[in-house]
Amino acid sequence: MAPEGKSPRLPEAGQWPDRVAPAALVAGIVLTTVGFLMAFLWVPPVGGASVGGAELIGDAMVSQKLLLSQKIFYFHMPVAITSFIALVFGAWYSLRFLRTREARYDTCARIALEITLLFIALTMITGEMWTRFEWGVWWSWEPRLTTYLVLMLVVIAYFVLRGSVDEPERRAAFSAVVAIIAFIDAPICFMVTRLIPSSIHPVVLREGGMSPEMGLCVAVVAAGMLCVAFALYRARFRQVRLAQRVEALKEELGD
Amino acid sequence: MAEREKQERARRSDAPASPRSELCARPSALEQYRVLLMKDLRQELRTKEMLVSMGIYALLVIVVFGVALSFARPGADFLEVSGGLLWALVVFTSLLGLNRSFSHETENGCLEGLLLAPLDRGVVFLAKATSNLAFLAIVEVIAVPLYWVFFSSFAAPAASAPLIVVPLLLGSVGIAGIGTLLSTITASTRGKDVMLALLFVPVVFPLLYACVSATTAALAGGVLMEEAFATSLALAAGYDVVMLLASWVLYDFVVS
Amino acid sequence: MNPILADIYSTILPSAPYVIAAYALLWVALLAYVLVIARGQKRAEAQLMLLEEALADRQAKGE
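These numbers were taken from a predicted model, which means no experiment stands behind them. (Residues numbered from 1 in each chain as written. Chains lettered and ligands numbered in written order. Predicted model: local features only at pLDDT ≥ 70, side-chain atom pairs only at ≥ 80, totals over all residues. Heavy atoms only, no water.)

## A closer look at the overall build of chain B
Thought 1: In terms of helices and strands, chain B carries 10 helices and 0 strands.
Thought 2: Counted from the first residue to the last, chain B has its helices and strands arranged as α-α-α-α-α-α-α-α-α-α.
Thought 3: Taking all 256 residues of chain B together, the buried fraction comes to 47%.
Thought 4: Taking as baseline every contact in chain B between residues at least 6 positions apart, the subset at least 24 positions apart corresponds to 83%.
Thought 5: Accessible surface, chain B as shown: approximately 12,400 Å² in total, 70% of it carbon and sulfur. (Helix = DSSP H or I, 4+ residues; strand = E, 2+ residues; numbered from the N terminus. Buried < 20%, exposed > 50% of the residue type's maximum accessible area, 1.4 Å probe, protein only. Contact = heavy atoms within 4.5 Å. Areas by Shrake-Rupley, 256 points an atom, 1.4 Å probe, with all protein chains shown as cover.)

Written out as structure tokens, the structure reads:
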């Protein structure tokens, strides 16, 4: 998301990613709209509980209840994927900070983690709505929601930690370490809740068995969401850099 | 290793008797580890302050659980929750222990002194983690039988119950490892204890999940045991390896 | 309507508010973040303006 050649050039506002960002935003909006339409108009609906008989709808025999609520999935999964990719970038910038001790990378990492938090919140919102309708309760300790909750707590802890350390160098070092731990922890969280058979609490995995049309729709929306996330990252980065440069000027002028 | 020590001793005797040259002779990593570990253990065993408070805290948590369960009917269902309750006990007690073990260092300025000496940071981490593990293990040896004593009236555990030692061990190793890293970070922040809990609980979640699963399987026995025990232990061990490695590597950045 | 068809379509109307809410809240959250960025930008630009004025004052006084 930022140019890093062999020369010690730091990511800065106004470089080539900023020129790409508006185009990315438009591309993201177009892609997500296309995906939205695809989800509702093109992908065949997924069936839920069976009904008493079978009826001919369109040109297929349908013998299950058709689910509208499942359509939430086509935005829920892409948003989750985007949040994880944002976390990857956050960990990457944290690693670069630990290697070079340049405060700029700390800024990049912080913004990447903000984007992560935003998209995890989106995941939780869409997941909540889906769960609420499917199961009739506001929360169930099923693996997906629990994993995202834990991840959200780690990212929130990251920001609380940043708030409670005053010295900039230390703050940056500590948050970089926490970001890397969060990045390592996330896949383990995913695996643990899926691999351990829970016969007490039946696990319902809905993502299993995606048809190609579903996969294509998810991919389109995911690409769109990634573009949107990138545009948001660059916008935020520009704003934060502006504020930082203004602060630096202020200090130099001695106001 | 003996060769190196001989050479170091020779260097030491040749050099002028100034404090500077004493510091320059670097003992091997194993010796550093041993010295640091002994220091921590000896300090604690002298006062026993932290162990006693952790033990009493564990007892208090058991009392709270007793009150919480006072209207639950005893029956075989209790075995399903018992594993989880035991781990809740371990997590709370270890949070207390991790906080206190670091408050010693920061209170007396030991940490700064430790960092001035040319020690390998990874060794400092391993020594601290081992001492934390030792204290946690001692408290668990007291707390787990205590837990059984207080709650054995609810349900009798299955024959595979003694196997809970394995998840307890694996979990304690993981908790000590990542807990040492996190408590080092939070020791110098504003909201020390709360900050540690905030970071610790989500990061340790996968380990907790796996260990609770394994413990419940061991306590309940039967079909649950066959299905979940081995997988959970494998995952807990995997977590331990990954997180210990990560903590060991990252400890340098946290302490400098 | 044939009762089986009615059954097949039975979950659609009740679930519609949740589906709409999910998508709507998604975009609301994204817009909220954009507002955060915009607010930060405005503040930074206001500070910049103040600095420019202060610099101009200083230069005027210097001469």
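## What to know about the overall build of chain A
Thought 1: Tallying secondary structure elements over chain A gives 6 helices and 2 strands in all.
Thought 2: In chain A, buried positions account for 50% of the 255 residues.
Thought 3: Taking the intrachain contacts of chain A between residues at least 6 apart in sequence as the baseline, contacts between residues at least 24 apart amount to 76%.
Thought 4: As displayed, chain A has an accessible area near 11,100 Å², and 65% of this comes from carbon and sulfur atoms.

## Concerning unusual backbone geometry
Peptide bonds are, in most cases, trans, and in most cases residues other than glycine have a negative phi.
Thought 1: Unlike most non-glycine residues, A:Arg101 shows phi in positive territory, near 60°.
Thought 2: Looking at where A:Arg101 falls in the secondary structure, it is placed in the loop between α2 (73-100) and α3 (103-135).

## What to know about the environment of B:Ala218
Thought 1: Looking at where B:Ala218 falls in the secondary structure, it is placed in helix α9 (residues 192-220).
Thought 2: Distance from B:Ala218 to B:Val242, taken between C-alpha atoms, is 25 Å for residues 24 residues apart in sequence.

## Focus: the UniProt feature "transmembrane region" (unreviewed entry) in chain A
Residues and elements named next belong to chain A.
Thought 1: According to UniProt, the positions carrying the feature "transmembrane region" (unreviewed entry) are residues 20-43, 72-95, 107-125, 145-161, 173-193 and 213-233.
Thought 2: Secondary structure content for residues 72-95 is 96% helix and 0% strand, and the end C-alpha separation is 35 Å.
Thought 3: End C-alpha to end C-alpha, residues 173-193 measures 31 Å, and it is 100% helix and 0% strand. (UniProt positions renumbered as here; feature names shortened; annotations may be inferred.)

## A closer look at α9(B)
Thought 1: Most pronounced at B:Phe205, the bend in α9(B) amounts to some 55°, and the proline B:Pro206 follows within four residues.
Thought 2: Looking one or two places after α9(B), you find B:Gly221, whose phi comes out positive at around 70°. (Bend = angle between axes of the 7 residues up to and from the residue.)

## Section: the pattern of salt bridges
Residue and element names in this part refer to chain A.
Thought 1: Scanning the model with the defined rule gives 6 salt bridges over all chains in all.
Thought 2: Where Arg-110 meets Glu-114, a salt bridge forms, and the shortest distance between an N and an O atom there is 3.5 Å. Remark: Glu-114 and Arg-110 occur in helix α3; sequence separation between them is 4 residues, near one turn of the helix.
Thought 3: Taking the relative accessible area as the measure of exposure, Arg-110 reaches 22% and is therefore partly exposed.
Thought 4: On the basis of relative accessibility, which here comes to 13%, the residue Glu-114 falls in the buried class.
Thought 5: Here the residues in one salt-bridge network are Arg-110, Glu-114 and Arg-236, joined through shared partners. (Salt bridge = Lys/Arg side-chain N within 4 Å of Asp/Glu carboxyl O.)

## Re a nonpolar patch on the surface
Residue and element names in this part refer to chain B.
Thought 1: Side chains of Leu-59, Val-63, Val-67, Trp-148, Val-149 and Phe-150 sit close together on the surface and give an oily, nonpolar patch of about 570 Å² of accessible area.
Thought 2: The set of elements that each furnish at least two residues to the nonpolar patch consists of α4 (49-68) and α7 (121-151).
Thought 3: Relative to the helices and strands, Val-67 resides in helix α4.
Thought 4: According to the relative accessible area criterion, Val-67 is exposed, its value standing at 58%. (Patch = residues over 30% accessible without salt bridge, like charges linked within 9 Å, V, L, I, M, F, W, Y side chains within 5 Å.)

## Here we look at the interface of chain B and chain A
Many structure descriptions define interface size as the accessible area lost when the parts assemble.
Thought 1: Taken together, the 31 residues of chain B in the interface contact 31 residues of chain A.
Thought 2: When chain B packs against chain A, the two sides together hide about 3,000 Å² of surface, and 79% of this comes from carbon and sulfur.
Thought 3: Viewed at the interface, chain A and chain B are joined by 3 residue pairs in polar contact (both at pLDDT 80 or more).
Thought 4: At the level of elements, α8 (165-187), α9 and α10 (222-255) of chain B are the ones that each hand at least two residues to the side of chain B that touches chain A.
Thought 5: Considering every element that reaches the side of chain B that touches chain A, the biggest residue donor is α10(B), with 13 residues. (Buried area = accessible area lost by both parts, 1.4 Å probe. Polar contact = N/O pair within 3.5 Å; in protein donor to acceptor, adjacent residues only side chain to side chain.)

## Things to note about the side chain of B:Asn132
Residues and elements named next belong to chain B.
Thought 1: As for its position among the elements, Asn-132 is in helix α7.
Thought 2: Among the polar contacts made by the side chain of Asn-132, one reaches the side chain of Thr-180 at a distance of 3.1 Å.
Thought 3: When sequence neighbours within four positions are dropped, the list of residues in contact with Asn-132 reads Leu-98, Ser-101, Ala-176 and Thr-180.

## A closer look at the packing of aromatic side chains
Thought 1: For the structure on display, the rule yields 12 aromatic pairs over all chains.
Thought 2: An aromatic cluster is defined as three or more aromatic residues linked by ring pairs; in this entry it consists of A:Phe36, A:Phe75 and C:Tyr23. (Phe/Tyr/Trp six-rings, centres within 6.5 Å; stacked < 30°, edge-to-face > 60°.)

## Describing the packing of α2(A) against helix α5 (residues 168-195) of chain A
Residue and element names in this part refer to chain A.
Thought 1: Taken N-terminus to C-terminus, the directions of α2 and α5 make an angle of 140°; their axes are 8 Å apart at the nearest point. With respect to α5, the axis of α2 lies oblique. When you trace α2 past α5, the crossing you get is left-handed. Side by side, α2 and α5 meet where Phe-84, Leu-87, Val-88, Ala-91, Ser-94, Leu-95, Phe-97 and Leu-98 of the first sit next to Glu-169, Ala-172, Ala-173, Ala-176, Val-177, Ala-179, Ile-180, Ala-182, Phe-183, Ala-186 and Pro-187 of the second. (Axes fitted to C-alpha atoms, helices over the stretch in contact; angles between N-to-C directions. Parallel < 35°, antiparallel > 145°, perpendicular 65-115°, else oblique. Left-handed = near helix turned anticlockwise from the far one by under 90°.)

## Observations concerning the packing of α7(B) against α8(B)
Residue and element names in this part refer to chain B.
Thought 1: Two numbers describe how α7 lies on α8: the axes approach to 9 Å, and their chain directions differ by 135°. Regarding the angle of α7 to α8, the classification is oblique. As for how α7 packs across α8, the hand of that crossing is right-handed. Seen from α7, the contacting residues are Phe-125, Lys-128, Ala-129, Asn-132, Leu-133, Leu-136, Glu-140 and Val-144; seen from α8, they are Leu-168, Ser-172, Val-173, Ile-175, Ala-176, Gly-177, Thr-180 and Leu-181.
Thought 2: Partitioning the contact of α7 with α8 into residue classes produces 10 nonpolar, 4 polar and 2 charged. (Nonpolar A, V, L, I, M, F, W, Y, C, P; charged D, E, K, R; others polar.)

## What about the confidence of the model for chain B?
All names here are of chain B.
Thought 1: Looking at chain B as a whole, the pLDDT averages 81, with 82% of positions reaching at least 70.
Thought 2: Mean pLDDT across the secondary structure elements of chain B bottoms out at helix α1 (residues 2-14), with 51, and peaks at α8, with 91.
Thought 3: Our summary of model confidence lists the complex with pTM equal to 0.83 and ipTM equal to 0.80. (pLDDT = per-residue confidence, 0-100.)

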